[in-house]
Each structure stands twice: as C-alpha cells, then as structure tokens.
Amino acid sequence: MAIVGAGPAGLLLGLLLHNAGIDAVILERRSRAYVLGRVRAGVLEQGTAELLERAGVGERMRRDGLVHQGFELLVRGRRHRVDLRGLTGGSTVLIYGQTQITRDLLEARGAAGLPTIFEAQDVAVQEFAGAHPYVSWRQDGREHRLNCDFIAGCDGSHGVCRPSVPREAIREYERLYPFGWLGLLADTPPVSDELIYVNSERGFALCSMRSRTRSRFYLQVPLTEEVSHWSDARFWEELRQRLDEAGRERLVAAPSVEKSIAPLRSFVVEPLRFGRLFLVGDAGHTVPPTGAKGLNLAAGDVHCLADGLIEHYSERSAAGIDDYSRRRLRCIWRAQRFSWWLTRLLHRFPEDGAIGEKLQQAELDYLLHSEAGMRTIAENYVGLPPTFGEEANLLLRK
Ligand code: FAD
Ligand code: PHB
C-alpha cells in the first residue's frame, strides 16, 4: 500500500494494516516537527477511541484522556446542559488532542520500524485506473517511485490525490461560510469541567480543553480577519464579552501557545474510490468543526477501509473495498448535516437579517426546552453508529 499523508488518517491506517501483516509506506509533504506541532481536534467519539485501542495506541489516551458526560450550551447568557450520557443511554466522549494522537501514532510507527518518508516533494499518484498504480516523488534532488497494489489518499483537504482524479469521474458538493474560527491554545485551567458552546450577540465562541491545565478557545471571526490583528489581550477581552458572569470569573488569561484562523467549510466528493485510489478523511470531505466530527469521520473511513483491505488480502474478497464509498458516504452525509445544522444554530449570520436571527432564537428555544430536541443534539454529538437505520431499511425493503 502507498499512503499519501501522515495526518491521523494516514498514520492510523498504516498501523492497522501493519498489525494485519500488510505493508504500507507513508509519504508526507511536511516535516515530522510540523506534523507533530499542528493543533486541531480535541473530541473523540467512543468508536474512535476504540479504534485507537485496536491499533495499539490506547495506553496514553486511557491515562490522560478526559471522559466527558455532557457539555454546555450558553445561549444569550443562559446555560443549558446537554447530558450526553443520560440522553443517549450511556454514551460519552473523550477529550484527547489530535496532537497527542499524532504523537502516539508516530511513536508506534517508529517503534515498529515502519517507513514514513517526510518532506517528500511533488508527490504524484499515477496509473490508479489500471492494475499497476504507483506513487512518485522527489527527495534530495532525486526522483523516487513506489509500485503498489492500492493508494490511500489521506492527504487532507489541500492534498494531491483528489485533484488527480479526472474531473468527469468526480462530483463535488461545497458550502463556504462567511466566517472562520480564531483558535487560541494556552496553559490555563479550563473555565468549566465541560466544554461550553456559546451563542452570543457578538458571535459564537467555544471553551474547550486539552487537559486540566491546558485550554483551547475559539471565536467566530469574519473571514477578512488576520491572526496578526489579534493580540492575546484582544482575544481574551473578546472571549470575556461573549461569556456569562460565571465564565468570566473562572477565565484566567495566559500567554498563547498557538493562535490560528481556520475557515469553515462543508465539502464532500462522490465517490470516494477511483480504481485503486481511495480518498480517506479530509481528502474526501470537510465539515465545519462545530460538531467535532472531522477527525471522527476520518477514523470511521480508516476503520472501513482497513477492514476491507484486510478482507481483500486474507480472504481474496473484494466485497469490503467495493462497498467502501457507499458505506462511508452515508455516514459522512449524516455528519455533514449535523455539523451544518449546529453551525447554523450557534453562529451569527448577519446576512440572514433580523428574521434569520429571530428564527434561530426560536429554534434554540424549542430545542433547549424539549427532551426530544436535546436528544437529537446528544445522539448526533456522540456519533451515530455506522449501521444506523439499516435495520429499518431492511424492514422497508421486505
Ligand atoms: P490532515 O490532518 O489534514 O492530514 C493530511 C496530511 O497530508 C497532512 O499531514 C499534510 O501535510 C499531508 N499532505 C497534504 N498534501 C500532501 C501532498 N501533496 N503530499 C504528501 N502529503 C500531503 N475533528 C474532530 O473530530 N473533533 C474536533 O474537535 C475537531 N476540531 C477541529 C478544530 C479545528 C480548528 C480544525 C481546523 C479541525 C478540527 N477537526 C476536528 C477536524 C480534524 O482536525 C480533521 O478532520 C483531521 O485532521 C483530518 O485528518 P486527516 O488525516 O484526514 O487530514
Ligand atoms: C477542540 O477542542 O479543538 C474542539 C472541541 C470541540 C469542537 C471543535 C474543536 O466542536
């Protein structure tokens, strides 16, 4: 196997395949230090945590991860708790940073002596429509080539694999949002034991965490903003204004460890397989981060593809890999819908006018005071099972 991209999707797929005796080489455009330094996701569904356990990298996650049984919605100054555990019959999420996952996966790769080629330039995926695909790249001024059975495109939303597919073979669905998230990481205790998603008149904010001493915060900002316009002092002041009194009291400003802006986007391509090339994780789909689904979807893709490939090599059956795109797209569209809906519900959309704002408040008023409404949020947030609805579909078909 050739795997393009050493993000969580590529690293996890590589390890699961290795555990099953399938050789894989990972090609990564960036340096190891860059990959290890990237700050992103923080919320893992139980299925994602179980897959990391299965890959053999669960030890630190079990020790340092924080189990969260709920989170809070702060809407126009009032807090409402979403009791994930109570509303879903026992499901919870785990707070464990993507940076830590990447480190755990890279360490496991190193310990097993598995090949990862960092700083590979001009990676190109070739001949994947036929029986003999290969990947080429440049390094140290030399051309390299890897012949393989399959290529896994795990190279994120700005990678090379998706653009290599002929335009007529692929369909793209996209929505851009008129704002981004300005994120700040700091060594300061979280403002609450659980995450707080804030819908305020000044815009969305999120108080998240990585541990009991390290916190991650986000602010909705216009797309025209630049990080250089945001001193730490300005960030903390704006966050204070979007919080309630209790939040402000517990907020302890500290120097930023990292600060960056991420634009928000809903994006899916169909299908996810082109001959011997598979698109996995952000390479095939991007969600706005509001529902914390991106990394979890990437892990779901990896799970499905790894099992399909293992079936292919051990049982000589193509059933799993043939069904990869269809099975994953169903889960992906469900998560897209939830992420889009939660984004619409919690952010300011000035272009929707006064009626848009009133309708958003009315929808929140309904959801926050209805057990069915809160359950809708909770069961999507903890992650719907990949087989969700299949029994009902079978019954319908009978
Ligand atoms: P990536 O992490 O993007 O990795 C792709 C890799 O491919 C990179 O290392 C890249 O350098 C490499 N690459 C790119 N092009 C090439 C090339 N041409 N050749 C070789 N290598 C290449 N998700 C959640 O589930 N929960 C959250 O709480 C959450 N919060 C988020 C917060 C923010 C601010 C953001 C931006 C995202 C968040 N996400 C969250 C989403 C999550 O981070 C992504 O979905 C996840 O990183 C996807 O993993 P991936 O391996 O598919 O892609
Ligand atoms: C994070 O901690 O980075 C985080 C948490 C929840 C989200 C998005 C990001 O919905």
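Structure's up top.
Residues numbered from 1 in each chain as written. Chains lettered and ligands numbered in written order. Predicted model: local features only at pLDDT ≥ 70, side-chain atom pairs only at ≥ 80, totals over all residues. Heavy atoms only, no water.

Participant: Mind showing me how you'd approach helix α1 (residues 8–19) here?
Facilitator: Count 3.6 residues to each turn of an α-helix, and residues three or four apart come out pointing the same way. The terminal C-alpha atoms of α1 lie 16 Å apart, and with 12 residues this matches the ideal 16 Å at 1.5 Å per residue to within 8%. When you tally the buried positions in α1, you get 10 out of 12 residues, the bulk of the element. Among all positions of α1, only P8, A9, G10, L11, L12, L13, G14, L15, L16 and L17 are buried. Where α1 is buried, its residues meet β1 (2–4), β2 (25–27), α3 (46–55), α6 (98–111), β12 (151–153) and α9 (294–315). (Helix = DSSP H or I, 4+ residues; strand = E, 2+ residues; numbered from the N terminus. Expected span 1.5 Å × (residues − 1). Buried < 20%, exposed > 50% of the residue type's maximum accessible area, 1.4 Å probe, protein only. Contact = heavy atoms within 4.5 Å.)

Participant: Got a minute to help me understand the pattern of salt bridges in this structure?
Facilitator: Within the structure shown, the criterion is met by 29 salt bridges. In this structure, E357 engages R76 in a salt bridge whose closest nitrogen and oxygen atoms are separated by 3.2 Å. With E357 in helix α11 (residues 353–368) and R76 in the loop between β5 (71–75) and β6 (78–82), this pair connects stretches of sequence that are 281 residues apart. Across the salt bridge formed by D122 and R138, the nearest N and O atoms sit 2.9 Å from each other. (Salt bridge = Lys/Arg side-chain N within 4 Å of Asp/Glu carboxyl O.)

Participant: Sorry if this is basic, but what is going on with the site of ligand 1 here?
Facilitator: As a matter of local geometry, ligand 1 sits amid 32 residues, with E28, R38, Q98, D282 and L295 nearest to it. Within the contact set of ligand 1, an oxygen atom lies 3.2 Å away from a backbone nitrogen or oxygen of N296. Considering ligand 1 on its own, with 1,000 Å² of exposed area, one finds that the protein chains cover 91% of that surface. For the shell around ligand 1, the secondary-structure elements that each account for two or more residues are α1 and α9. The greatest single-element share of the shell around ligand 1, amounting to three residues, is contributed by α9. Residue composition of the shell around ligand 1, grouped by class: 15 nonpolar, nine polar and eight charged. (Near = heavy atom within 4 Å. Polar contact = N/O pair within 3.5 Å; in protein donor to acceptor, adjacent residues only side chain to side chain. Areas by Shrake-Rupley, 256 points an atom, 1.4 Å probe, with all protein chains shown as cover. Nonpolar A, V, L, I, M, F, W, Y, C, P; charged D, E, K, R; others polar.)

Participant: Help me out: how do you make sense of the side chain of H68 in this one?
Facilitator: For H68, the position within the fold is in strand β4 (residues 66–68). A polar contact is formed between the side chain of H68 and the backbone oxygen of D193, at a distance of 3.3 Å. With residues up to four places along the chain from it excluded, the contact list for H68 reads L84, T92, V93, I95, D193, E194, L195 and M209.

Participant: Honestly, the site of ligand 2 in this entry has me stumped. Any pointers?
Facilitator: Residues in close proximity to ligand 2 total 14 residues, the closest being Y197, S208, R210, Y218 and P289. One of the side-chain N or O atoms of S208 is found 2.6 Å from an oxygen atom in ligand 2. At 2.9 Å from an oxygen atom of ligand 2 is found a main-chain nitrogen or oxygen belonging to P289. Within the complex, the protein chains bury 97% of what would otherwise be the 280 Å² of accessible surface of ligand 2. When residues of the shell around ligand 2 are traced back to their parent elements, those giving at least two are β15 (203–209) and β16 (215–222). Classifying every residue of the shell around ligand 2 by side-chain character gives eight nonpolar, three polar and three charged.

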